Amino acid sequence: ASVLEREGFDVSILDCIGLSMDLDGVLSRAGEIGPGLIGITATILTIDTAYEIGRALKKSFPSVPLVIGGAQFCANPEETLEKGPFDMGVIGEGEETFLEIAKSARSGKISPEGIRGVLYKKEGGAQRNAVRQFISELDSIPFPSRHLYPPLSAYRPVPASYKKKPVGLMITSRGCPYQCIFCDRAVFGNAFRAHSPKYVVDEIEQLINKFGAREIRFMDDTFSMDVKRVHAICEEILRRGIKIPWTCNTRVDRVTLDLLKAIKKAGCWQVIYGLESGDDRMLRAMKKGVTVRDNRNAVLLAKKAGLNVRATFVFGMPGETLESIRKTVDFAKEVELDVVNFF
């Protein structure tokens, strides 16, 4: 949305959760807007809803191009396009690809041929265009258009994940080089890329001053992938005198005691580790790249730094047994965790 606005497009976002909006509400609001292009995003958990909304919008606006994007489409593009009412879909990052689609639509008629990163419907089946390279300089992307959303106060954060409301969410990096089998990397790929420390802290200040955030949650897959960058972010937060609590997700093999102390000093009060299992055999099966000992050590380091620890575990991966489940439960009870999520 922010990239489109920068290029002079009039953009609206309908977040049905924040707006407490049902399908009739979506159709009513869409009628008021009179869209020239519609995009829908979906995960595997929301794809059926996306089909339903898409069909209703297509019926109401048959001549308006309908585009699908998001994790589910990127992971399974041909099947998703075939089953849904969508004219085309964006594979990978959407900023540059969707901008090209929008420019094409503004000219009068979309010509998806030649737009990199697009899969589109064509007589005889779906046509996949050339791959679009990932964006290397993330600072070239403007801050998210949060003004198009309901106020932060309309959202309810996950319990035990915050100290103060409203909470502003940020994603400061993209791409993960790890190979955990439960995680799909079709949207952002394997190459790690990140916003600069200045960009990150500028966005924090905008969230506080413009949108009233009283806490920040960094939603990066692995916030501390680049340890030097995180130290620089912490130093910049302290230099500007920003006093706001925040949390982050990270891996147990991407933390040190010095780093954990640094983020604590800069306002972090809780780290979220994906511990996944208390059984080394299952961690190997998941291709997690760490051991139970690594998990235990990272929790100890976080507690030593004065941080709360929220941990996530996964049950039912291929090879799971009652014995490995019991090991995981016992491990979760044994180590000093503040909050535990079992998936």
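Right, let's walk through the structure included here. The structure presented is a predicted model; accordingly, all values stated were derived computationally and were not measured.

**Regarding the overall build of the protein**
Here's step 1: Within the protein, the regular secondary structure consists of 12 helices and 13 strands.
Here's step 2: A compact globule built from 343 residues would reach a C-alpha radius of gyration of about 20 Å, and the protein, at 22 Å, matches this within 12%.
Here's step 3: Considering only C-alpha atoms, the protein reaches an extent of 60 × 50 × 35 Å along its principal axes.
Here's step 4: Relative to its 343 residues, the protein shows a buried fraction of 48%.
Here's step 5: The long-range share in the protein, meaning contacts at least 24 apart out of those at least 6 apart in sequence, stands at 69%.
Here's step 6: A total of about 17,500 Å² of accessible surface is found on the protein, and carbon and sulfur atoms cover 52% of it.
Here's step 7: Within the protein, one finds 48 positive and 43 negative side-chain charges whose respective centroids are separated by 4 Å.

**Examining the pattern of salt bridges**
Here's step 1: Counting across every chain of the model gives 22 salt bridges.
Here's step 2: Measuring nitrogen to oxygen at the nearest pair gives 2.9 Å for the salt bridge that ties Glu 93 to Arg 174. One end of the pair, Glu 93, is in the loop between strand E3 (88-90) and helix H6 (95-106); the other, Arg 174, is in strand E7 (residues 173-174), with 81 residues separating them in the sequence. Accessibility classification places Glu 93 together with Arg 174 in one group, the buried group.
Here's step 3: Its salt-bridge partner being Arg 240, residue Glu 236 comes within 2.7 Å of it at the nearest N-O pair.
Here's step 4: Through salt bridges that share partners, Lys 198, Asp 202, Glu 205, Glu 236, Arg 239 and Arg 240 make up one connected network.

**Observations regarding helix H11 (residues 292-304)**
Here's step 1: Between the first and last C-alpha of H11 there are 18 Å, a value that for 13 residues agrees with the 18 Å anticipated at 1.5 Å per step.
Here's step 2: Residues of H11 that are buried sit in contact with helix H9 (257-265), strand E11 (268-276), helix H10 (280-285), strand E12 (308-313) and helix H12 (322-334).

**Let's talk about the sheet that holds strand E9 (residues 215-218)**
Here's step 1: Spatial strand order, E6-E9-E10-E11-E12-E13: six strands in an open sheet with parallel pairing. The two strands at the open ends of the sheet, each matched to only one other strand, are strand E6 (167-170) and strand E13 (339-342). Adjacent strand axes in the sheet meet at a mean angle of 20° when their direction is disregarded.
Here's step 2: Inspection of the sheet shows E9 paired to strand E10 (residues 246-250) by three bridges, in the parallel sense. Looking at the pairing, Arg 217 lines up with Thr 247 of E10.
Here's step 3: Across the sheet, helix H7 (residues 197-209) is in contact with E6 and E9; its angle to E6 comes to roughly 155°.
Here's step 4: Sheet strands in contact with H11 are E11 and E12, and its direction is about 175° off that of E11.

**Topic: the pairing of E10**
A regular strand places its side chains so that they alternate between the two faces of the sheet.
Here's step 1: Here E10 lies mainly inside the structure; five of its five residues are buried.
Here's step 2: Burial of the side chains of E10 extends over both faces: Trp 246, Cys 248 and Thr 250 are buried on one face and Thr 247 and Asn 249 on the other.
Here's step 3: A crossover connection joins E9 to the parallel E10 through helix H8 (residues 227-239); in handedness this β-α-β unit is right-handed.
Here's step 4: Each parallel crossover has a hand, and for E10 linked through H9 to E11 it is right-handed.

**Overview of the side chain of Arg 174**
Here's step 1: Taking relative accessible area as the criterion, Arg 174 reaches 13% and is therefore assigned buried.
Here's step 2: Within the local environment of Arg 174, its side chain forms a polar contact with the side chain of Glu 93, the two groups lying 2.9 Å apart.
Here's step 3: Each residue touching Arg 174, except ones within four places of it in the same chain, is listed here: Glu 93, Glu 95, Ile 135, Leu 138, Ile 141, Phe 188, Ala 191, Phe 192 and Arg 193.

**What to know about the packing of aromatic side chains**
Each aromatic ring pair is described using two quantities: the centre-to-centre distance and the angle formed by the ring planes.
Here's step 1: According to the stated counting rule, one finds eight aromatic pairs in the structure shown.
Here's step 2: The interplanar angle of 20° and the centroid separation of 4.5 Å between the aromatic rings of Phe 218 and Phe 223 together place this pair among those described as stacked.
Here's step 3: Seen from their ring centres, Phe 218 and Trp 246 are 5.2 Å apart, and the 85° between their planes marks the pair as edge-to-face. Remark: Trp 246 occurs in strand E10 and Phe 218 occurs in strand E9; sequence separation between them is 28 residues. Both residues of the pair, Phe 218 and Trp 246, belong to the buried class.
Here's step 4: The rings of Phe 313, Phe 315, Phe 331 and Phe 342 are connected pair by pair, giving a single aromatic cluster.
Here's step 5: Sitting above the plane of the Phe 9 ring, Arg 106 keeps its charged end 3.9 Å from the centroid.
Here's step 6: We note Arg 251 situated over the ring of Tyr 178; from NZ or CZ to the ring centre the distance is 3.5 Å.

Cut-off values and rules
Residues numbered from 1 in each chain as written. Predicted model: local features only at pLDDT ≥ 70, side-chain atom pairs only at ≥ 80, totals over all residues. Heavy atoms only, no water. Helix = DSSP H or I, 4+ residues; strand = E, 2+ residues; numbered from the N terminus. Rg over C-alpha atoms; globule rule 2.2 N^0.38 Å. Buried < 20%, exposed > 50% of the residue type's maximum accessible area, 1.4 Å probe, protein only. Contact = heavy atoms within 4.5 Å. Areas by Shrake-Rupley, 256 points an atom, 1.4 Å probe, with all protein chains shown as cover. Lys, Arg positive; Asp, Glu negative; His and termini not counted. Charge placed at Lys NZ, Arg CZ, Asp CG, Glu CD. Salt bridge = Lys/Arg side-chain N within 4 Å of Asp/Glu carboxyl O. Expected span 1.5 Å × (residues − 1). Pairing = 2+ DSSP bridges. Axes fitted to C-alpha atoms, helices over the stretch in contact; angles between N-to-C directions. Right-handed = clockwise from strand over helix to strand, strands pointing away. Polar contact = N/O pair within 3.5 Å; in protein donor to acceptor, adjacent residues only side chain to side chain. Phe/Tyr/Trp six-rings, centres within 6.5 Å; stacked < 30°, edge-to-face > 60°. Lys NZ or Arg CZ within 6 Å of the ring centre and 35° of its normal.

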